[in-house]
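Descriptive analysis of the structure
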Amino acid sequence: MKLKAYGKENSYPCAESLVVVDTPQAQGYSLEQVKNKVILGDALKVLKKLPSEAVDMVFIDPPYFLQLPNKTLRRWKVKSLVEAVQDDWDKFSSFVEYDTFMTQILSEARRVMKPNATIWVIATYHSIFRIGKIMQDLGYWILNDVIWVKTNPMPNWLGVRFTNATETLIWAVKDKKVKKYTFNREAAKEYGIGKIGANVWVLPICTGAERLKDGRGKRLHSTQKPVELLRRVLLTSTKEGDIVLDPVAGVGTTGYVARCLKRNFIMIEINPRYVEGIKKRFRDISLGNVPE
Ligand SMILES: C[S@@+](CC[C@H](N)C(=O)[O-])C[C@H]1O[C@@H](n2cnc3c(N)ncnc32)[C@H](O)[C@@H]1O
């Protein structure tokens, strides 16, 4: 993964002082209160409390709204159980409810972005088209879609359609007039297929030792993103010292990679179990345990 811990132990936010618990009493947060912090709370409420034009980049890996059937999935032929994304956080009653959630998150993110900031949103075919429309309707100007081709995708177990081996990242600025955003062309050339900085990244999904486990050895989060994906996002579109916001942070891959690359972060996550996972990751990096 070519990721190294940098600096001394105190370069990292101490795992114990990493978390800010949002409360109804908290009216607003200054940048200093939330820089390099994980805010345990609902992004729909917390984003409204962040200052305007405060961050250099936003990364959003939202619920997918997969709408999987409410039953156990088994593999075709071998019949073993499939570990599908069945989490409550991925459930919405309708497209209208999902669109309302995404519209609120994306419009507040736009307010919090500095004038030249960029935003990345990642999703599968289940929701990326709706997200793209919402972004354009809110005034965002799309710079690229980057296609992540997975070298080890989940097969289509029922054998009834193509195996879905891609996710799409939309990369955008606040509006069409923005020209002075950060783009590291050399990094883009390194990661895209061929030597021209093409918008196709080929890399595996997160597996093995990188995957956080719960007390029973099961994966802690069903959709933890690979460190390498965030490394590419951060190195192509941010500079050292930049502030990166992730309002639906999961187990904190964005902030974790940001700190290893000398960027700052603000993360928001609603689930305390995942926030505990983030604390563990930060404890580990301050001990120098970083994926190679
Ligand atoms: C697709 S996952 C993000 C995974 C993350 N990128 C990682 O690598 O771990 C989406 C996350 O959004 C969180 N979430 C959903 N609704 C939220 C809300 N209203 N406020 C904050 N977090 C929320 C879920 O708990 C879930 O962890």
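Thresholds, definitions, all that
- Residues numbered from 1 in each chain as written.
- Predicted model: local features only at pLDDT ≥ 70, side-chain atom pairs only at ≥ 80, totals over all residues.
- Heavy atoms only, no water.
- UniProt positions renumbered as here; feature names shortened; annotations may be inferred.
- Salt bridge = Lys/Arg side-chain N within 4 Å of Asp/Glu carboxyl O.
- Helix = DSSP H or I, 4+ residues; strand = E, 2+ residues; numbered from the N terminus.
- Buried < 20%, exposed > 50% of the residue type's maximum accessible area, 1.4 Å probe, protein only.
- Phe/Tyr/Trp six-rings, centres within 6.5 Å; stacked < 30°, edge-to-face > 60°.
- Lys NZ or Arg CZ within 6 Å of the ring centre and 35° of its normal.
- Pairing = 2+ DSSP bridges.
- Axes fitted to C-alpha atoms, helices over the stretch in contact; angles between N-to-C directions.
- Contact = heavy atoms within 4.5 Å.
- Near = heavy atom within 4 Å.
- Polar contact = N/O pair within 3.5 Å; in protein donor to acceptor, adjacent residues only side chain to side chain.
- Areas by Shrake-Rupley, 256 points an atom, 1.4 Å probe, with all protein chains shown as cover.
- 1 Å grid on protein atoms, 1.4 Å probe; cavity = no way out; pocket = protein on both sides within 12 Å on 5 of 7 lines; lining within 4 Å.
- Sits in = over half its atoms within 2 Å of the grid points.
- Nonpolar A, V, L, I, M, F, W, Y, C, P; charged D, E, K, R; others polar.

As recorded in an unreviewed UniProt entry, the protein goes by the name Methyltransferase, listed as coming from Thermanaeromonas toyohensis ToBE. A UniProt comment under Sequence similarities (unreviewed entry) is attached to the protein, and it reads "Belongs to the N(4)/N(6)-methyltransferase family."

Details of the pattern of salt bridges
Working definition: two side chains of opposite charge can pair if their charged atoms are close together. Counted by the stated rule, this structure contains 15 salt bridges. Of the charged contacts in the structure, one is a salt bridge between Asp22 and Lys49, with a shortest N-O distance of 2.9 Å. Placement of Asp22 in the loop between β1 (19-21) and α1 (31-34) and of Lys49 in the loop between α2 (43-46) and β3 (55-60) is noted, with a sequence separation of 27 residues between them. With respect to class, Asp22 is no different from Lys49; both count as buried. A salt bridge links Asp56 to Lys114; its shortest N-O distance comes to 3.0 Å. One end of the pair, Asp56, is in strand β3; the other, Lys114, is in strand β4 (residues 113-123), with 58 residues separating them in the sequence. Exposure remark for Asp56: the relative accessible area of 17% places this residue in the buried category.

A word on the packing of aromatic side chains
Under the definition given, this model contains 11 aromatic pairs. Aromatic pair Phe65 and Phe95: ring centres 5.5 Å apart, planes at 80 degrees, arrangement edge-to-face. Separated by 30 residues along the polypeptide, Phe65 in the loop between β3 and α3 (95-112) and Phe95 in helix α3 bring together distant segments of the chain. Seen in terms of ring centroids, Phe92 and Tyr98 are 5.1 Å apart; in terms of plane orientation they differ by 90 degrees. Their pairing is edge-to-face. With relative accessibility at 15%, the residue Phe92 sits in the buried group. Given a relative accessible area of 1%, Tyr98 falls into the buried group. Every member of this aromatic cluster is reached through a ring pair, and the members are Trp120, Trp171, Tyr181, Phe183, Tyr191 and Trp201. Across the ring face of Phe95, the terminal group of Arg130 is positioned such that the distance to the ring centre comes to 3.9 Å.

Quick word on unusual backbone geometry
At Phe65, a residue that is not glycine, the phi angle is positive and equals roughly 55 degrees. Even without being a glycine, Lys262 presents a positive backbone phi close to 65 degrees. Secondary-structure assignment places Lys262 in the loop between α7 (253-260) and β9 (264-269). Judged by relative accessible area, which is 37%, Lys262 ranks as partly exposed.

Let's talk about the sheet that holds strand β6 (residues 166-173)
Spatially, the 9 strands line up as an open sheet ordered β1-β2-β9-β8-β3-β4-β6-β5-β7, and their pairing is mixed. Both outer strands of the open sheet, β1 and β7 (200-202), are each paired with one neighbouring strand and no more. Across the sheet, the axes of successive neighbouring strands diverge by a mean angle of 20 degrees, strand direction being ignored. Contacting β4, β5 (141-149) and β6, helix α4 (residues 128-138) runs over the sheet at an angle of about 160 degrees to β4.

What about the site of the ligand?
Around the ligand sit 23 residues in total, of which Ala43, Asp61, His221, Thr253 and Glu269 are the nearest. Residue Asp42 places a side-chain N or O atom 2.9 Å away from a nitrogen atom belonging to the ligand. Surface burial for the ligand is 97%, taken as the share of its 610 Å² of free accessible area covered by protein chains. When each cavity is represented as a set of grid points, the ligand is found to reside in the second largest pocket. Broken down by class, the residue content of the shell around the ligand amounts to 12 nonpolar, 7 polar and 4 charged.

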